[in-house]
Amino acid sequence: MQINLLQCQSSQDVSKNLEYIESQLSQLPRVQGEAQLVVLPECCLLFGGHESQQLEYAGDNQSNPFKTVLADLARRYDIYLVAGSIPVAVGDGRVYNRTYLFDNQGLVLGEYDKIHLFDVDVSDGTKEYRESDTFCAGDKISVIDTPFGKLGLAICYDLRFPDLFRAMRLAGAELIALPAAFTKVTGEAHWQTLIQARAIENQCFILAAAQWGQHNQGGRETWGQSMVVDPWGRINAQKMTGCGWVQSKLDRDEMIKIRQQMPIASNNRFAEPKLQHKDANP
């Protein structure tokens, strides 16, 4: 299974962000006949300004320009695409922060709306983050059948909430994609630790594609370190800084062996988290 994470330095210039993603897809190293999974970071087409700017670009689920262009990329470059995240109108003046999974024909296999909104104070240049002013929280998990295995979806701040990841594991997740834009301050402190913890606790591969660097001339600053972590907590591949690809092949047999030797899911004596399971084929 070939996994490709793209680390980006997205800005408020949608055209330039799209141009960068497409230029990287056109150069994506691949083996003929091998299915490719690509994961883009959170807010891949628009990032760095105030969250309210997302409202200007938010169409609904049927007529969303960002969704259309990302589906087209999946089709043209023959990839399965976890399309970072894009704004999707709710109808009450707010938007969902939504990721889509497209197949290599550009068809939607599943979607996920970010459940945990980043309403925190951080000792960086932005200081105060209030995603709930603009975004509406999702309320369903998403685990989707793919040629790569059962794929769960989460976004950025979700990483701090282990119950969500356990719910995906109980729904059958074998790998979990995490588009993200962790701040430099919080990323330096906790990013790697949290990813390895979620991978170990749930015996899943974690595919974390991140934003990196300064955005929009000294505005927001993100941590980077896009990484693939295996079910034993080992880092298979990572990119600390800069933009570009992180690539790895996943050994599903090793995951099965780890789960058989240490059957955490069946040994756990706590009740199941009570989150709804989103239909894999909306």
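Where an unreviewed UniProt entry is consulted, the protein chain appears under the name Carbon-nitrogen hydrolase family protein, with the organism given as Shewanella psychropiezotolerans. Note on the protein chain: under the UniProt heading Sequence similarities (unreviewed entry), the record states "Belongs to the carbon-nitrogen hydrolase superfamily. NIT1/NIT2 family."

Colleague: Looking at this model, I keep getting lost on the overall build of the protein chain. Mind explaining?
Modeller: Within the protein chain, the secondary structure is distributed over 6 helices and 18 strands. The C-alpha radius of gyration computed for the protein chain amounts to 17 Å, which stays within 12% of the reference 19 Å derived for 282 residues, consistent with globular compactness. In terms of its C-alpha atoms, the protein chain occupies a principal-axis envelope of roughly 50 × 45 × 35 Å. By residue count, 56% of the 282 residues in the protein chain fall in the buried class. By sequence separation, contacts in the protein chain at least 24 residues apart represent 69% of the contacts at least 6 residues apart. Taking the 27 positively charged and 34 negatively charged side chains of the protein chain as two groups, their mean positions are separated by 5 Å.

Colleague: Before we go on, may I ask you to explain the nonpolar core in this structure?
Modeller: The nonpolar side chains of soluble globular proteins are, as a tendency, buried together. If you look at the biggest cluster of nonpolar residues, it comprises 50 residues, and the most contacted ones within it are Leu 37, Phe 165, Met 168, Trp 191 and Leu 207. Apart from the residues within four sequence positions on either side, Leu 37 is in contact with Gln 2, Ile 3, Asn 4, Tyr 80, Val 82, Leu 101, Phe 148, Leu 175 and Leu 207. One finds Leu 40, Phe 66, Leu 81 and Ala 83 within the second-largest nonpolar core, a separate group that totals 25 residues.

Colleague: Can you walk me through the pattern of salt bridges in this structure?
Modeller: Pairing is possible between side chains that carry opposite charge, provided their charged atoms lie close to one another. For the structure on display, the rule yields 18 salt bridges. Here Glu 131 and Lys 114 are joined by a salt bridge, their closest N and O atoms 3.1 Å apart. Here Lys 114 lies in the loop between strand 6 (108–113) and strand 7 (119–121) and Glu 131 lies in the loop between strand 8 (128–130) and strand 9 (140–146), a separation of 17 residues in the sequence. What makes Glu 131 buried here is its relative accessible area of 7%. Given a relative accessible area of 1%, Lys 114 falls into the buried group.

Colleague: Mind showing me how you'd approach the environment of Trp 212 here?
Modeller: Structurally, the position occupied by Trp 212 is in strand 13 (residues 212–214). For Trp 212, a relative accessible area of 23% corresponds to the partly exposed category. C-alpha of Trp 212 to C-alpha of Gln 7: the two residues are 205 residues apart in sequence and 6.8 Å apart in space. Excluding residues within four positions of it along the chain, Trp 212 makes contact with Gln 7, Cys 8, Gln 9, Thr 222, Trp 223, Gly 224, Met 240, Thr 241, Gly 242 and Cys 243.

Colleague: It is not clear to me how helix 5 (residues 252–261) should be interpreted in this structure. Could you clarify?
Modeller: Each α-helix winds once per 3.6 residues, and so residues spaced three or four apart point in a common direction. When we look at burial in helix 5, the residues that qualify are Met 255, Ile 258 and Arg 259. For helix 5, the buried positions fall inside an angular range of 95 degrees around the axis, keeping them on one side. Pointing more than 90 degrees away from the buried face of helix 5 are the exposed residues Asp 253, Gln 260 and Gln 261. Tucked inside the fold, the buried residues of helix 5 contact helix 3 (162–170), helix 4 (184–202) and strand 12 (205–210).

Colleague: Would you explain the packing of aromatic side chains in this entry?
Modeller: Working definition: an aromatic ring pair is given by the centre-to-centre distance plus the angle between the planes. For the structure on display, the rule yields 7 aromatic pairs. For the pair Phe 118 and Tyr 157, a centre-to-centre distance of 5.1 Å together with 70 degrees between the ring planes defines the contact as edge-to-face. Taken together, the positions of Phe 118 in the loop between strand 6 and strand 7 and Tyr 157 in the loop between strand 10 (149–153) and helix 3 put the pair 39 residues apart, joining distant regions of the chain. With respect to burial, Phe 118 and Tyr 157 carry one shared label: buried. Taken together, the ring pairs in this structure connect Phe 118, Tyr 129, Tyr 157 and Phe 161 into an aromatic cluster.

Colleague: Just to check I follow, could you spell out the side chain of Glu 111 for this structure?
Modeller: Topologically, Glu 111 is positioned in strand 6. The exposure class assigned to Glu 111 is buried, which follows from its relative accessible area of 9%. Side chain to side chain, Glu 111 and Arg 98 meet in a polar contact 3.5 Å long.

Colleague: Explain the packing of helix 3 against helix 4 to me, please; I cannot follow it from the model alone.
Modeller: The interhelical angle for the contact between helix 3 and helix 4, taken along N-to-C directions, is 35 degrees, at an axis separation of 10 Å. In the packing of helix 3 onto helix 4, the handedness of the crossing is right-handed. Of helix 4, the residues touching helix 3 (which contributes Pro 162, Phe 165, Arg 166 and Arg 169) are Arg 198, Glu 201 and Asn 202. Tallied by class, the residues present in the contact of helix 3 with helix 4 amount to 2 nonpolar, 1 polar and 4 charged.

Rules and cut-offs
- Residues numbered from 1 in each chain as written.
- Predicted model: local features only at pLDDT ≥ 70, side-chain atom pairs only at ≥ 80, totals over all residues.
- Heavy atoms only, no water.
- UniProt positions renumbered as here; feature names shortened; annotations may be inferred.
- Helix = DSSP H or I, 4+ residues; strand = E, 2+ residues; numbered from the N terminus.
- Rg over C-alpha atoms; globule rule 2.2 N^0.38 Å.
- Buried < 20%, exposed > 50% of the residue type's maximum accessible area, 1.4 Å probe, protein only.
- Contact = heavy atoms within 4.5 Å.
- Lys, Arg positive; Asp, Glu negative; His and termini not counted.
- Charge placed at Lys NZ, Arg CZ, Asp CG, Glu CD.
- Core = buried A, V, L, I, M, F, W, Y, C linked by side-chain atoms within 4.5 Å.
- Salt bridge = Lys/Arg side-chain N within 4 Å of Asp/Glu carboxyl O.
- Arc of directions from axis to C-beta.
- Phe/Tyr/Trp six-rings, centres within 6.5 Å; stacked < 30°, edge-to-face > 60°.
- Polar contact = N/O pair within 3.5 Å; in protein donor to acceptor, adjacent residues only side chain to side chain.
- Axes fitted to C-alpha atoms, helices over the stretch in contact; angles between N-to-C directions.
- Left-handed = near helix turned anticlockwise from the far one by under 90°.
- Nonpolar A, V, L, I, M, F, W, Y, C, P; charged D, E, K, R; others polar.

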